[in-house]
Amino acid sequence: MSNSVILDVSNFSFAYGDVQAVKNVSFTVKRGEFFSFLGPNGAGKTTVINTLITLLPMQEGTVTVAGYDLRADRVKVRESIGIVFQQITLDKDMTVRETLDFHGDIYGMDRDNKLQRISELLALVELEEKADVLVNNLSGGMKRRLEIARGLMTRPQILFLDEPTIGLDPQTRQKTWEYLRMVNQEGTTIFMTTHYMDEADILSDSIALIDHGEIIKRGTPDELKSDLGKDIIYLETSDNNAASALIQEIPGISGIQPCDGKLLICSGNDGAQVLPVIIRAADEQGIMVRSVSLKKPTMDDVFMHYTGTEIRD
Ligand SMILES: Nc1ncnc2c1ncn2[C@@H]1O[C@H](COP(=O)(O)OP(=O)(O)OP(=O)(O)O)[C@@H](O)[C@H]1O
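Remember, predicted model here, so these are calculated numbers, not experimental data. Counting restarts for each chain: residues are numbered from 1 in the order of the written sequence. Only residues with pLDDT of at least 70 get local features here, since the model is predicted, and only at 80 or more are side-chain atom pairs given and counted; chain-wide, interface and lining totals rely on the full set of residues. Hydrogen atoms and water are omitted, and side-chain values are computed over all heavy atoms in the structure.

Trainee: I'm lost on the environment of Gly308 in this one. Help?
Mentor: Each helix is a run of H or I in the DSSP string that is no shorter than four residues. Each strand is a run of E no shorter than two, and both are numbered from the N terminus. Considering the arrangement of structural elements, one finds Gly308 in the segment after helix 11 (299-307). Residue burial is assigned from relative accessible area. The probe radius is 1.4 Å, only protein chains are included, and a residue is buried under 20% of its type maximum, exposed over 50%, and partly exposed in between. Gly308 gets classed as partly exposed once you look at its relative accessible area, which sits at 28%. Here the alpha-carbon distance between Gly308 and Arg290, two residues 18 residues apart in the chain, equals 20 Å. With residues up to four places along the chain from it excluded, the contact list for Gly308 reads Gln257, Pro258, Cys259 and Phe303. Two residues form a contact once any of their heavy atoms are found within 4.5 Å.

Printed below as a string of structure tokens:
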């Protein structure tokens, strides 16, 4: 394994009885990278992350985390990682400071190191003024920040976050993104699962798209978007099948597929020039165009293109 690879997943599969949740997945994450696992509900994200953080037993394949084998060195893996779960897992009867202190004790941190880290982390997540407030009396966003701080107590090499902003309001999501960026800039590798397109787009150096237990695409956000083409056209017609066959023949069209009653058309050329050609071709065949929209590719379009569906909430 090269030094720059901190997570190496090779031919990993996982089944819950008859349900094959993850199918022969392979990928690597580089040290220092902000990596996102993006996929709809039920895609297999939590199964992968829970295996990597040793909550689920390792089934098929080979995985190394921070250089440690996930089967042979589970304790070493645990010592190398921090975890922020999908659900809030804080003890509501502890104060903010006690939460961090207790976590340090569980991991056997010496007192000086622990106190130093608590003060650094309270500053990082801006909870200094809440240090002696009970968790029960914190807002949802503050709780999330405290969980991030707790995940960082032991200076993990990788911080794993499962849907870190689920259920948060837009402002608190933005704030959480800021903290995660800071953490990453301090050198911690981040492995995040999310089903929010914007979150993956804005934060990640690298994204793996997962659906039905398989990785269907990997790349930087820019690569994923530009791979779709220059422009995206959504078209609804009186006969989408016939229109699709027609449009495929038009030069510059790099992809076309049905999506929620419309056609998602990827154009390698300027969409504003391609669009009149499409409409004329449809008109000549007696196909009525009911609606049309033209836009630059976003992560939503990337997802629609590769899964043929919108994110399922
Ligand atoms: N304990 C379990 N027993 C049986 N099947 C399970 C169990 N946990 C998950 N599954 C199934 O495994 C598949 C993957 O689920 P998983 O929770 O990993 O997906 P996910 O992408 O994390 O979804 P979400 O975004 O909803 O958390 C789904 O089909 C799910 O129904």
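Back to the text.
Trainee: Is there a simple way to think about the pattern of salt bridges in this case?
Mentor: Side-chain pairs of opposite charge can arise where the charged atoms are in close proximity. Every case where a carboxyl oxygen of Asp or Glu lies within 4 Å of a side-chain nitrogen of Lys or Arg is listed as a salt bridge. Taken as a whole and judged by the stated rule, the model has 18 salt bridges. Note that Arg155 is salt-bridged to Glu120, the shortest N-O span being 3.6 Å. Of this pair, Arg155 sits in the loop between helix 5 (140-152) and strand 7 (158-162) while Glu120 is found in helix 4 (residues 111-124), placing the two residues 35 residues apart along the sequence. Arg155 sits in the partly exposed class, given a relative accessible area of 44%. Here Glu120 falls in the partly exposed class, since its relative accessible area comes to 29%. A single network of salt bridges, built from pairs that share partners, joins Asp101, Asp105 and Lys114.

Trainee: I would appreciate a short explanation of unusual backbone geometry in the present structure.
Mentor: Within the chain, Ala66 stands out as a residue other than glycine whose phi angle is a positive 50°. Relative to the helices and strands, Ala66 resides in the loop between strand 4 (60-65) and strand 5 (68-69). In this model, Glu126 sits at a positive phi of 50°, which is unusual for a non-glycine residue. Within the secondary structure, Glu126 sits in the loop between helix 4 and helix 5.

Trainee: Just checking my understanding: could you explain the sheet that holds strand 2 (residues 19-30) for this structure?
Mentor: The strands making up a sheet associate through backbone hydrogen bonding, with each pair oriented either parallel or antiparallel. Note on pairing: DSSP must find at least two bridges between two strands before they are called paired. On the basis of which strands lie adjacent, the open sheet formed by four strands has the order 2-1-4-5 and antiparallel pairing. Unpaired on one side and paired on the other, strand 2 and strand 5 mark the two borders of the sheet. In terms of strand pairing, strand 4 meets strand 5 through two bridges, oriented antiparallel. Bridged to Val65 within strand 5 is Tyr68.

Trainee: What is the right way to look at the site of the ligand in this model?
Mentor: Residues are counted as near a molecule or strand when any one of their heavy atoms sits within 4 Å of it. The immediate surroundings of the ligand are formed by 13 residues, with Gly42, Gly44, Lys45, Thr46 and Thr47 found nearest. Counted as a polar contact is a pair of N or O atoms within 3.5 Å, where, for protein atoms, one must be capable of donating a hydrogen and the other of accepting one, and residues adjacent in sequence contribute only when both atoms are in side chains. Pro40 has a polar backbone atom sitting 3.5 Å from an oxygen atom of the ligand. Contact distances for the ligand include 3.0 Å between an oxygen atom and a side-chain N or O atom of Asn41. For the ligand, whose accessible area on its own is 630 Å², the fraction buried by protein is 60%. Among the secondary structure elements, those contributing two or more residues to the shell around the ligand are strand 2 and helix 1 (45-52). Its residues placed into classes, the shell around the ligand shows five nonpolar, six polar and two charged. To be clear on the numbers: accessible area is Shrake-Rupley with a 1.4 Å probe, and residue cover counts the displayed protein chains and nothing else. Residues are grouped as follows: nonpolar covers Ala, Val, Leu, Ile, Met, Phe, Trp, Tyr, Cys and Pro; charged covers Asp, Glu, Lys and Arg; every other residue, Gly included, is treated as polar.

Trainee: I keep staring at the packing of aromatic side chains and nothing clicks. Help me out?
Mentor: Two numbers describe a pair of aromatic rings. These are the distance of the centres and the angle of the planes. Planes of paired rings set the category: under 30 degrees apart is stacked, over 60 is edge-to-face and the rest tilted, where pairs are Phe, Tyr or Trp rings (Trp by its six-membered ring) whose centres lie within 6.5 Å. Per the stated rule, a full pass over the model turns up eight aromatic pairs. Between the aromatic rings of Phe27 and Phe191, the centroid separation amounts to 6.2 Å while the plane-to-plane angle is 40°, which identifies the pairing as tilted. Of this pair, Phe27 sits in strand 2 while Phe191 sits in strand 8 (residues 189-194), and the two are 164 residues apart along the sequence. As far as burial versus exposure is concerned, Phe27 and Phe191 are alike and both buried. Note on Phe37 and Phe191: the rings are 5.6 Å apart at their centroids and 50° apart in plane angle, and the pair reads as tilted. Residue Phe37 is found in strand 3 (residues 34-38), and its partner Phe191 is found in strand 8; the two are separated by 154 residues along the sequence. Of the two residues, Phe37 and Phe191, both sit in the buried class. In textbook terms, an aromatic cluster arises when at least three aromatic residues are bridged by ring pairs, as seen for Phe27, Phe35, Phe37, Phe160 and Phe191. Positioned over the ring face of Tyr196 is Arg173, at 4.2 Å from the centre of the ring. By the criterion adopted, a ring carries a charge over it if an Arg CZ or a Lys NZ lies within 6 Å of its centre and within 35 degrees of its normal.

Trainee: Mind showing me how you'd approach the domain arrangement of the protein chain here?
Mentor: Accessible area lost during the coming together of the parts is what is often quoted as the interface size. Per the domain assignment, the segments making up the protein chain are domain 1 (5-224) and domain 2 (230-296). Between the C-alpha centres of domain 1 and domain 2 there is a distance of 41 Å. These domain boundaries are the output of an automatic or database domain assignment.

Trainee: Mind showing me how you'd approach the pairing of strand 4 here?
Mentor: A regular strand carries its side chains on alternate faces of the sheet. For strand 1 (residues 5-16) and strand 4, the ladder comprises five bridges, and the chain directions are antiparallel. Bridge assignment links Leu7 to a residue of strand 4, and that residue is Val65. Once strand 4 ends, the chain turns through two residues before running back antiparallel as strand 5, passing Ala66 with a positive phi of about 50°.

Trainee: Would you mind going over the UniProt feature "domain: ABC transporter" (unreviewed entry) in the protein chain with me for this structure?
Mentor: Feature annotation in UniProt places "domain: ABC transporter" (unreviewed entry) on residues 7-237, given in this structure's numbering. Its end C-alpha atoms 46 Å apart, residues 7-237 is made of 36% helix and 30% strand. UniProt positions are given in the numbering used here, feature names are shortened, and annotations may be inferred rather than shown by experiment.

Trainee: Looking at this structure, I do not really get the packing of helix 5 against helix 6 (residues 170-185). What am I missing?
Mentor: Packed helices, taken two at a time, are described by the angle between their axes plus the distance between the axes. The angle between two axes is taken between their N-to-C directions and runs from 0 to 180 degrees, where each axis is a line fitted to C-alpha atoms and a helix contributes only its stretch in contact. Two numbers describe how helix 5 lies on helix 6: the axes approach to 10 Å, and their chain directions differ by 15°. Taken together, the axis directions place helix 5 and helix 6 in an arrangement best described as roughly parallel. In the crossing of helix 5 with helix 6, the sense of the turn from one axis to the other is right-handed. Along the contact surface, helix 5 presents Gly141, Arg144, Arg145, Ile148 and Leu152, while helix 6 presents Thr172, Thr176, Tyr179, Leu180 and Val183. Of the residues contributing to the contact of helix 5 with helix 6, the split by class is five nonpolar, three polar and two charged. For classification, angles of less than 35 degrees are called roughly parallel, those exceeding 145 degrees roughly antiparallel, those between 65 and 115 degrees roughly perpendicular, and all remaining angles oblique. Crossings are classed by handedness, with left-handed meaning an anticlockwise turn of the near helix from the far one by less than a right angle and right-handed meaning a clockwise turn.

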